[in-house]
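Commentary on secondary and tertiary structure
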There are 2 protein chains.
Amino acid sequence: MPSRRVDPVTVEVVELIGDVVSRYHMEYEHAAASHQLTGAQAKVLNLLSLEPTPMRRIAQKLRCEPSNVTGIIDRLESRGLVERRPDPADRRVKLAAPTEEGLQTAERLRESLDFAREPLAGLSAAERAVLRDLLKRMLEG
Amino acid sequence: MPSRRVDPVTVEVVELIGDVVSRYHMEYEHAAASHQLTGAQAKVLNLLSLEPTPMRRIAQKLRCEPSNVTGIIDRLESRGLVERRPDPADRRVKLAAPTEEGLQTAERLRESLDFAREPLAGLSAAERAVLRDLLKRMLEG
DNA sequence: CTGGATATTTCATGTTGTCAAGTAAATGGG
DNA sequence: CCCATTTACTTGACAACATGAAATATCCAG
């Protein structure tokens, strides 16, 4: 029995979420590309702009293998946006940290990531609060 | 002007949408992998299960270059899930169509894509309707 | 019929992703 | 202290996905 008790509203919501996901990606990639970054690079640079992070931790955040992070950091480093620093507390660890230029790029990137802010302008403050609560409960479930 | 009037609720909603997107992807990839498919292959197979589709049209749906679709269809075809058919109306066009096995796989895939349905179960019918309307207005904006 | 547009493929190339193997450093039980 | 194990990272091999340019076949308008 493939689809039993399929509430039509649920189906609609599922489709809308698919649309949101699709739009999110499109606009994220576009914003990244406008700074000559791929989506993955933009994600990592944004992460590092909060604080220098060990390679392993980056892999966990990205939910990928650590060996993958090596390549992404390599490419960011070769462009002078990121550097590897030793961790004074553990010589095995390398902390990836943004350079000055990397921080500036991350800042400009954040500014161009208005994709979710602008569409939300159409909702009132009360509606945004309702949306927040519904999304929160959906994610908890 | 980097950050003018950044409503904290808006920021929260943006973050939650990021979470939704991340979770959607994770679960989509997982569902696809459980049928030995990549995310892109699952997306295409699902698309084709609705109707046979020209290569070019698939590229438009995926928002990628047509040359990319060639490879994805190649891999699906080599596994017997999809076949290329001539378009009787235009001999330049190739229609990608699911095989019988491809249709069955698409059907099973759909069943395992409950990722968005299950979390929504935590919301009442009225709440789902509100969520639908808010998402709809957000996407229109 | 010819010239330009369209649909697909092929090839070269780059990024992201996996896995297995290797190096270096930390850690804990004897 | 010493050795075995674990942990962090890199390397290398390989596959999928993505782009762009060039080739081929077909369509279509003039």
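For the structure itself, consult the block above.
All values reported here derive from a predicted model rather than from experimental measurement.

A few words now on the protein's contact with DNA strand C. Around DNA strand C, the surrounding shell holds 24 residues, and the nearest of these are A:T38, A:A40, A:C64, B:R56 and B:S67. Secondary structure elements with two or more residues in the surface near DNA strand C: helix 2 (39-50), helix 4 (66-78) and strand 3 (90-98) of chain A together with helix 3 (55-62), helix 4 (66-78) and strand 3 (90-98) of chain B.

Next up on the list: the environment of B:H30. Secondary-structure assignment places B:H30 in helix 1 (residues 8-33). Sequence separation of B:H30 and B:L113 is 83 residues, and the distance between their C-alpha atoms is 9.4 Å.

On to the pairing of strand 3 of chain A. All names here are of chain A. One ladder, built from two bridges, connects strand 1 (residues 53-54) with strand 3; its direction is antiparallel. When the sheet's bridge partners are listed, P54 is paired in strand 3 with L95. Where strand 2 (residues 82-87) and strand 3 come together, six bridges link them in antiparallel fashion. Within strand 3, the position partnered with R84 by the bridge is A96.

It is worth spelling out the interface of chain A and chain B at this point. With 37 residues of chain A at the contact, the number on the chain B side is 38 residues. Elements that contribute at least two residues to the side of chain A that touches chain B include exactly helix 1 (8-33), helix 6 (117-120) and helix 7 (125-140) of chain A. When its residues are assigned to classes, the side of chain A that touches chain B shows 23 nonpolar, three polar and 11 charged.

Close to DNA strand D lie 24 residues; A:R56, A:S67, B:T38, B:C64 and B:S67 are nearest. Looking at the surface near DNA strand D, the elements that each hand over two or more residues are helix 3 (55-62), helix 4 and strand 3 of chain A together with helix 2 (39-50), helix 4 and strand 3 of chain B. Of all the elements, helix 4 of chain B adds the most residues to the surface near DNA strand D, at five residues. Classifying every residue of the surface near DNA strand D by side-chain character gives eight nonpolar, seven polar and nine charged.

Right, let's talk about the nonpolar core for a bit. If you look at the biggest cluster of nonpolar residues, it comprises 33 residues, and the most contacted ones within it are B:V44, B:L45, B:I73, B:L76 and B:V82. Put simply, the parts of the chain that give this core at least two residues each are helix 1 and helix 7 of chain A together with helix 1, helix 2, helix 4, helix 5 (100-112) and helix 7 (125-140) of chain B. Considering every element that reaches this core, the biggest residue donor is helix 1 of chain B, with six residues. If near-sequence neighbours (up to four positions away) are discounted, B:V82 is found in contact with B:L45, B:L48, B:I73, B:L76, B:E77, B:A96, B:A97, B:P98, B:T99 and B:G102.

Right, let's talk about the relation of the copies chain A and chain B for a bit. The transform that puts chain A on chain B rotates by 179 degrees and translates by 0.1 Å along the axis, for an RMSD of 0.2 Å. Between the two chains, the operation in question is that of a two-fold axis. It is A:V21 whose C-alpha, among those of chain A, lies nearest the rotation axis, at 2.7 Å. The residues that chain A uses at the interface reappear at the interface of chain B in 100% of cases, marking a shared surface.

Each value, and the rule that gives it
- Residues numbered from 1 in each chain as written.
- Chains lettered and ligands numbered in written order.
- Predicted model: local features only at pLDDT ≥ 70, side-chain atom pairs only at ≥ 80, totals over all residues.
- Near = placed C-beta within 6 Å.
- Helix = DSSP H or I, 4+ residues; strand = E, 2+ residues; numbered from the N terminus.
- Pairing = 2+ DSSP bridges.
- Contact = placed C-beta atoms within 7 Å.
- Nonpolar A, V, L, I, M, F, W, Y, C, P; charged D, E, K, R; others polar.
- Core = buried A, V, L, I, M, F, W, Y, C linked by C-beta atoms within 7 Å.
- Buried ≥ 20, exposed ≤ 12 C-beta atoms within 10 Å, placed from the backbone.
- Least-squares fit on C-alpha atoms with pLDDT ≥ 70 in both.

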